[in-house]
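The primary structure of each chain is shown beneath.
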Amino acid sequence: LPGTQAGLAALNLAVLLGASPVYLVGFDCLSGPGLQSWWHEGHPWPRQTATVYEKFASQFQAVASSAGDVRHLTGPSALTWWPHASLEELDRCR
């Protein structure tokens, strides 16, 4: 699966290893005032611009049909082509 981000590389690895379904946690591809743009300290908003998140979302969308059974666990998300799953569903897979 082509792309320029670590999240897409992780999805690719999961697909290549035969994981199904794949659950995405923390991938919302959204930016803006009040939204967290980094998951660690040291990069005040707006370190990344909205364009980079639009690019990330379009890369996920480009591979959506070939990625298999993918679900996301993040609340609001730009990745609307994959169904949302709950933590309870993920827990049942153990």
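Residues numbered from 1 in each chain as written. Predicted model: local features only at pLDDT ≥ 70, side-chain atom pairs only at ≥ 80, totals over all residues. Heavy atoms only, no water.

A. A look at the overall build of the protein. Within the protein one finds three helices and two strands. For the protein, the α and β elements follow one another from N to C terminus as α-β-α-β-α. Counting the 94 residues in the protein, one finds 33% classified as buried. Summed over all atoms, the accessible surface of the protein reaches about 6,000 Å², with 59% contributed by carbon and sulfur. (Helix = DSSP H or I, 4+ residues; strand = E, 2+ residues; numbered from the N terminus. Buried < 20%, exposed > 50% of the residue type's maximum accessible area, 1.4 Å probe, protein only. Areas by Shrake-Rupley, 256 points an atom, 1.4 Å probe, with all protein chains shown as cover.)

B. Local environment of the pattern of salt bridges. Throughout the structure, instances matching the rule amount to two salt bridges. In this structure, the salt-bridge partner of aspartate 69 is arginine 71, at a minimum N-O distance of 2.8 Å. Residue classification places aspartate 69 among the partly exposed positions, given a relative accessible area of 29%. Its salt-bridge partner being glutamate 89, residue arginine 71 comes within 2.1 Å of it at the nearest N-O pair. Taken as a pair, arginine 71 in strand β2 (residues 70-72) and glutamate 89 in helix α3 (residues 87-92) lie far apart in primary sequence, 18 residues in all. (Salt bridge = Lys/Arg side-chain N within 4 Å of Asp/Glu carboxyl O.)

Purely geometric stuff here, so don't read any function into it on its own.
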